[in-house]
Amino acid sequence: SSGINAEYGGGSIPEICNGKLYNTSMVFNPEGALIAKHRKVHLFDIDIPGKFKFTESDTLSPGNSITVFNVNEFKVGLGICYDIRFPEQGQLMREEGAHILIYPGAFNMTTGPVYFELLNRCRAVDNQVYCASIAPATDHSATYVSWGHSVICSPSGVVVDCAGHEEKIIYYDFNLNDLQNIRDGIPTSKQKRNDIYELLNVQK
């Protein structure tokens, strides 16, 4: 967006810290200063018989914090790939004021067609935020083949732009007024029944 004056890493990298390996995404401002760092909280350990098996926990350690950072008038929540599967993480980022949730990720050719767009739309609607996932383009010669299909969803869960398997740069102007109108029209954040249920960030 033209309103976000930041240079975002756009993905994640391996990070070694105290003998542990993390899947980490970093955010830098235009001056090159690190303004946020997120270590993937939920590790991708799945086994779909006859289709796909992957065990991140054989190599990686999980992060243990929620990541929200400021960019001009926006608050941005950051997760990585499989983190998007867990609505509680998105809800905690919304409770910390996030207007936008960003999830760099690489869903595979089995889970991507079924879940990638759906989960982005769900997290957008759940939290009345913009939700964007950035994915590598599909490369069938790679060891791990990404579904691609980077996507941006509105706070109403509408896909406002999406790539396909190919490389594509997406530009979008996030609008706080539109977001607030959606929240005012359906004020779910003010209608929660904290006498029945409550979500807590136990790290605080």
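First, a word on scope: everything that follows refers to the structure included in this document. (Residues numbered from 1 in each chain as written. Predicted model: local features only at pLDDT ≥ 70, side-chain atom pairs only at ≥ 80, totals over all residues. Heavy atoms only, no water.)

1. Some details on the overall build of the chain
Note the cut-off: Runs of H or I in DSSP of at least four residues are treated as helices and runs of E of at least two as strands, each being numbered from the N terminus. In this description the radius of gyration comes from C-alpha coordinates, and the expected globular size is given by 2.2 Å times residues to the power 0.38. Burial classes: relative accessible area under 20% of the type maximum marks a residue as buried, over 50% as exposed, and values in between as partly exposed (1.4 Å probe, protein chains only). Any two residues whose heavy atoms approach within 4.5 Å are treated as being in contact. The Shrake-Rupley method, run with a 1.4 Å probe, gives the accessible areas here. Residue values count only the displayed protein chains as cover. Only four residue types enter the tally: Lys and Arg on the positive side, Asp and Glu on the negative side, with His and both chain ends excluded. Where a charge sits is defined by one atom per residue type, namely NZ (Lys), CZ (Arg), CG (Asp) or CD (Glu).
In terms of helices and strands, the chain carries 3 helices and 12 strands. On C-alpha atoms alone, the chain measures out to a radius of gyration of 17 Å, which is about the 17 Å that the 2.2 N^0.38 rule sets for 204 residues. Each principal axis of the C-alpha distribution contributes one length, and for the chain these read about 45 × 40 × 35 Å. Per-residue burial over the chain gives 40% buried out of 204 residues. Here the contacts in the chain between residues at least 6 apart in sequence split such that 57% fall between residues at least 24 apart. Of the roughly 11100 Å² that the chain leaves accessible, carbon and sulfur atoms contribute 50%. The average position of the 17 basic charges and that of the 23 acidic charges among the side chains of the chain differ by 6 Å.

2. Concerning the sheet that holds strand β12 (residues 159–162)
Stated precisely, the cut-off is as follows: Here, a strand pair is defined by DSSP locating no fewer than two bridges between the strands. Orientation is described by axes fitted as lines to C-alpha atoms, over the contacting stretch for helices, and by angles from 0 to 180 degrees between their N-to-C directions.
Pairing is mixed in the open sheet, where 6 strands are placed in the order β7-β8-β9-β10-β11-β12. Each of the sheet's edge strands pairs with one partner strand only, and the pair in question is β7 (67–71) and β12. This sheet shows a mean twist of 20 degrees between the axes of neighbouring strands, independent of strand direction. When strand β10 (residues 130–134) meets strand β11 (residues 151–153), the two strands line up antiparallel, connected through 3 bridges. Looking across to β11, one finds that A132 is bridged to I152.

3. Some thoughts on the packing of aromatic side chains
We apply this condition: A pair of Phe, Tyr and Trp rings is counted when the ring centres sit within 6.5 Å of each other, with Trp represented by its six-membered ring. The angle between the planes then sorts it: under 30 degrees is stacked, over 60 is edge-to-face, the rest tilted. Comment: the charge-over-ring label is applied if NZ (Lys) or CZ (Arg) is within 6 Å of the ring centre and within 35 degrees of the ring normal.
Under the defined criterion, the tally for this structure stands at 12 aromatic pairs. Their ring planes at 75 degrees and their centres at 5.4 Å tell us that Y172 and F174 sit as a pair that is edge-to-face. For F174, a relative accessible area of 14% corresponds to the buried category. When the ring centre of Y22 is taken as origin, the NZ or CZ atom of R39, which lies over that ring, is 4.2 Å away. The ring centre of Y115 lies 4.0 Å from the NZ or CZ of R85, which sits over that ring.

4. A word on unusual backbone geometry
Unlike most non-glycine residues, C81 shows phi in positive territory, near 45 degrees. Checked against the element boundaries, C81 lands in the loop between β8 (74–78) and α1 (87–95). Here the phi dihedral of H149 falls at roughly 60 degrees; this positive angle occurs in a residue that is not glycine. Overall, the relative accessible area of 17% leaves H149 in the buried class.

5. Points about the environment of V27
Residue placement: V27 occurs in strand β3 (residues 20–28). Since its relative accessible area comes to 1%, V27 is described here as buried. Each C-alpha atom of the pair V27 and G11 lies 9.5 Å from the other, and the pair is 16 residues apart in sequence.

6. Observations regarding α1
Buried within α1 we find Q89, G90, L92, M93 and R94. Each element contacted by the buried residues of α1 is listed here: β4 (34–39), β7, β8, β9 (100–104), α2 (112–127) and α3 (176–185). Count one or two residues on from α1 and you reach G97, which has phi positive near 100 degrees.

7. Quick look at the packing of α1 against α2
Basically, it comes down to this: Note on angle classes: values under 35 degrees are labelled roughly parallel, values over 145 roughly antiparallel, values of 65 to 115 roughly perpendicular, and the remainder oblique. Left-handed describes a crossing whose near helix is turned anticlockwise from the far helix through less than a right angle; right-handed describes the clockwise counterpart. In this count, Pro and Cys sit with the nonpolar residues alongside Ala, Val, Leu, Ile, Met, Phe, Trp and Tyr, while Asp, Glu, Lys and Arg are called charged and the others, Gly among them, polar.
Viewed as axis vectors pointing N to C, α1 and α2 meet at an angle of 40 degrees, and their least axial separation amounts to 10 Å. Accordingly, the angle class assigned to the pair α1 and α2 is oblique. Seen from above, α1 lies across α2 with right-handed handedness. Two secondary-structure elements touch here, α1 through P87, G90, Q91 and R94 and α2 through R123, D126 and N127. Taken together, the residues that form the contact of α1 with α2 break down as 1 nonpolar, 3 polar and 3 charged.

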